[in-house]
Amino acid sequence: MNRNASLHRLRSEDFDICIIGGGATGAGCALDAATRGFRTALIEQDDFAAATSGTSTKLVHGGVRYLEQAFKNFDHRQLSLVRKALHERRTLLQIAPHLVHPLALLTPCFDLFEGLYYTIGLKLYDLLAGSRRIKPSEWLSKEETLNRFPAFDGHRLHSAVLYYDGQFDDVRLNLALVQTAAAHGAAVANHLRAEQFDAAPNGQLNAVTVRDRLTGEVFVIRAKVFINATGTNADTLRRVAQANQRPRMQASKGAHVVLPANAIAQGEAALLVPKTKDGRVLFAIPWRGHWLIGTTDTPADPYETPYLQPDEADYLLEHVNKFLKEPVTLGQVTGGFAGLRPLLQPDQNATLQKTETRNVVRDHEVEVDPQSKLVSIMGGKWTTYRLMAEETIDTCGQLLGQALPCRTETIPLIGSEAFTESFGNTFTRKESNLPGKVAAHLVDTYGVRAEALATLCAAEPELTEGLVDAHPFIRAEVVYAVREEMAQTMPDMLLRRIRLGLVDWLATLEVLPVVADLMARELGWTAAEKQQEESRFRAHMEEVIGQAGLSAPTEINKA
Ligand SMILES: Cc1cc2nc3c(=O)[nH]c(=O)nc-3n(C[C@H](O)[C@H](O)[C@H](O)COP(=O)(O)OP(=O)(O)OC[C@H]3O[C@@H](n4cnc5c(N)ncnc54)[C@H](O)[C@@H]3O)c2cc1C
């Protein structure tokens, strides 16, 4: 993906559909629209997946907790949402097999009744998935549970129910959606903010004024239909298009802490507690060589910048420790992150109580403003992005008078074209100059595109060098991210393309100079520009660390 070429297209072409917002929802819409044959534009004010879509728990799931709520409240809408999400889970395992994997999860039970309750619930979960089930759930004895999750405190444990969901890398999937959309003809650009709409005399939008946040340039993109896929910020554009709109969005903050792999004895499963004593879902999930502990669920301002806070870190560690033989401590934390869930208020007339966010159905809605014809897609969750995109582009097709069929259920995403289970082994054998751990990491991250990284390494052997000890990232990834994945800034690189900034804060500070050098070379930064980028990102990381209450880097454990 070349940003300058995209900008040229965005300035000069007429589009059928222009999508604003490059998170999971907007990127999914761009892929759906482009593959139906619509002339498609996608713009993102920051970077792809820079907001909520890069800070999820990284589960592709139907939602066990939502299933429970569906039965408790006789809520068929909730039940249908779980079924649809389970359907999407299988689709994602098929269209992006290098990024989405089955994950075994254990739900601990502390008496016979709990064991029965969760076994029945998870059998229903299997049943709802039908032929799209990953593997059947099982009720395990205490001994079997401890074998699979040796870190459990076996004291009070009665048994556990083992079940399966999907796990993924959210930013990499978001990028794969954008890249696949671009490969199907969409013009896509990050760091481009939609600021103002123009409308025809009948009130229907026909252009958007955008600002390039890297250069300050302002220009106009022309399209027949505009999609507002701006997540928690959706009300802003709804009001730019039509000033008197009633707000629909609400946000809930979710935080995670990251621990190194050795902080919790590795077994064969993740831990999921569907309901803690205070009614929240708690996860301890192995992810890319670390443990993610999450998550909180507290009402938030949709426009705030979410950071992991000390009380959230304390809360998560305190609750996960209730299930562990050996407690984890703040001193073991290597990273963390927080995001805002885009929650849709149930209907136009209802105003939710501020305390109720954990009970809001994670459903979505496609709204068409009667006058401006702005199409807003609001709410939802990562797992159902494809479904949300399908409904949104169906609506756009109606507005455009062109009912073209959706094709995304069977289109493999970039990196998954011709990907087979044996690709990893073949690649590792062929690229014998790369350490096995690095080769495996490249396959998990780029799928068949790992070949392109190997080609870069062959042309310039210094690029095989690792970025930092104890992590599999190599220099070639920085070059690839600039050339092929539109990385423009240091946060684009180290928070998203290379996910060090999430999992290991200290290592992130350590690699800054070498990453800045490589980016400067690729992007043609002057010495002053490089210096500015580096200091700006260092300040950002220090803010993240400071907000978490770990003011000096020495307080953070290095993975
Ligand atoms: C803590 C947490 C855990 C979660 N875990 C899971 C999970 O495990 N599984 C799951 O399925 N879901 C999960 N979710 C939900 C899921 O992450 C979100 O539903 C999804 O990512 C929302 O995507 P989005 O594209 O709608 O919003 P966003 O990702 O926020 O994207 C909106 C984009 O619009 C851009 N934008 C805003 N205004 C403008 C403008 N004027 N011009 C251009 N661009 C603009 C923003 O910069 C942003 O990138 C979780 C959410 C949170 C917060």
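Since we're looking at a predicted model, the values are computed, not measured. (Residues numbered from 1 in each chain as written. Predicted model: local features only at pLDDT ≥ 70, side-chain atom pairs only at ≥ 80, totals over all residues. Heavy atoms only, no water.)

## Points about helix α9 (residues 310-321)
In a regular helix each residue adds 1.5 Å, so 12 residues correspond to 16 Å; α9 covers 16 Å between its end C-alpha atoms and thus fits that length. Buried residues along α9 sit in contact with β11 (249-260), β12 (270-273), β13 (282-287) and β14 (290-294). (Helix = DSSP H or I, 4+ residues; strand = E, 2+ residues; numbered from the N terminus. Expected span 1.5 Å × (residues − 1). Contact = heavy atoms within 4.5 Å.)

## Observations regarding the site of the ligand
In the region of the ligand, 35 residues are neighbours, and Thr25, Glu44, Ser53, Leu59 and Thr383 sit closest. With respect to the ligand, the backbone of Ala24 contributes an N or O atom lying 3.2 Å from an oxygen atom. A distance of 2.7 Å is found between an oxygen atom of the ligand and a side-chain nitrogen or oxygen belonging to Thr25. Looking at the shell around the ligand, the elements that each hand over two or more residues are α2 (24-36), β8 (192-199), β11 and β16 (335-344). Top contributing element to the shell around the ligand by residue count: β16, with four residues. (Near = heavy atom within 4 Å. Polar contact = N/O pair within 3.5 Å; in protein donor to acceptor, adjacent residues only side chain to side chain.)

## A closer look at helix α15 (residues 490-497)
Among the eight residues that make up α15, seven are buried, leaving the element largely enclosed by the rest of the structure. Among all positions in α15, only Met490, Asp492, Met493, Leu494, Leu495, Arg496 and Arg497 are buried. If you follow the buried residues of α15, they end up packed against α7 (170-183), α14 (475-485), α16 (500-503), α17 (505-523) and α18 (527-547). (Buried < 20%, exposed > 50% of the residue type's maximum accessible area, 1.4 Å probe, protein only.)

## Some words on the state of the cysteines
Here the structure, examined in full by the defined rule, presents zero disulfides. Here Cys406 is not cross-linked by a disulfide; its sulfur's nearest cysteine counterpart is in Cys29, at 10 Å. Owing to a relative accessible area of 24%, Cys406 belongs among the partly exposed residues under this scheme. (Disulfide = S-S within 2.5 Å.)

## Quick look at the UniProt feature "domain: Alpha-glycerophosphate oxidase C-terminal" (unreviewed entry) in the chain
As annotated in UniProt, the feature "domain: Alpha-glycerophosphate oxidase C-terminal" (unreviewed entry) corresponds to residues 406-530 in the numbering used here. In this annotation, residues 406-530 is assigned 60% helix and 0% strand; the end-to-end C-alpha distance for the span is 44 Å. (UniProt positions renumbered as here; feature names shortened; annotations may be inferred.)

## Details of the packing of helix α11 (residues 423-430) against helix α13 (residues 450-459)
Orientation of α11 relative to α13, taken along the N-to-C sense of each, is 5 degrees, at an axis distance of 11 Å. The pairing of α11 with α13 is recorded here as roughly parallel in orientation. Between α11 and α13, the residues in contact are Phe423, Phe427 and Lys430 and Ala450, Glu451 and Ala454, respectively. Taken together, the residues that form the contact of α11 with α13 break down as four nonpolar, no polar and two charged. (Axes fitted to C-alpha atoms, helices over the stretch in contact; angles between N-to-C directions. Parallel < 35°, antiparallel > 145°, perpendicular 65-115°, else oblique. Nonpolar A, V, L, I, M, F, W, Y, C, P; charged D, E, K, R; others polar.)

## Re the side chain of Ser137
In this structure, Ser137 sits in the loop between α5 (112-129) and β5 (138-141). At 2.8 Å, the side chain of Ser137 and the side chain of Asp126 are in polar contact.

## Some details on a nonpolar patch on the surface
Taken together, the side chains of Leu112, Leu116, Ile120 and Trp139 define a hydrophobic patch exposed on the protein surface, amounting to about 380 Å² of accessible area. Counting through the fold element by element, Trp139 comes out in strand β5. (Patch = residues over 30% accessible without salt bridge, like charges linked within 9 Å, V, L, I, M, F, W, Y side chains within 5 Å. Areas by Shrake-Rupley, 256 points an atom, 1.4 Å probe, with all protein chains shown as cover. Salt bridge = Lys/Arg side-chain N within 4 Å of Asp/Glu carboxyl O.)

## Regarding the packing of helix α4 (residues 76-95) against α5
Viewed as axis vectors pointing N to C, α4 and α5 meet at an angle of 65 degrees, and their least axial separation amounts to 9 Å. Judged by the sense of rotation from one axis to the other, the crossing of α4 with α5 is right-handed. Packed against α4, whose contacting residues are Leu79, Val82, Arg83, Leu86 and Arg89, the element α5 presents Tyr125, Leu128 and Ala129 at the interface. By residue class, the composition of the contact of α4 with α5 is six nonpolar, no polar and two charged. (Left-handed = near helix turned anticlockwise from the far one by under 90°.)

## So, the packing of aromatic side chains
In total, this model carries 12 aromatic pairs according to the counting rule given. The interplanar angle of 80 degrees and the centroid separation of 5.7 Å between the aromatic rings of Trp382 and Tyr385 together place this pair among those described as edge-to-face. Here the two residues Trp382 and Tyr385 agree in accessibility, since each one is buried. Between Phe423 and Phe427 the ring centres are 5.8 Å apart and the planes differ by 25 degrees, which places this aromatic pair in the stacked class. With a gap of four residues between them, Phe423 and Phe427 both fall in helix α11, about one helical turn apart. Across this residue pair, the class does not change: Phe423 and Phe427 are buried. Among the aromatic residues, those joined into a cluster by ring pairs are Phe113, Tyr117 and Tyr118. When the ring centre of Phe219 is taken as origin, the NZ or CZ atom of Arg11, which lies over that ring, is 5.3 Å away. Its end group placed over the ring of Trp287, Lys58 keeps NZ or CZ at 5.3 Å from the ring centre. (Phe/Tyr/Trp six-rings, centres within 6.5 Å; stacked < 30°, edge-to-face > 60°. Lys NZ or Arg CZ within 6 Å of the ring centre and 35° of its normal.)

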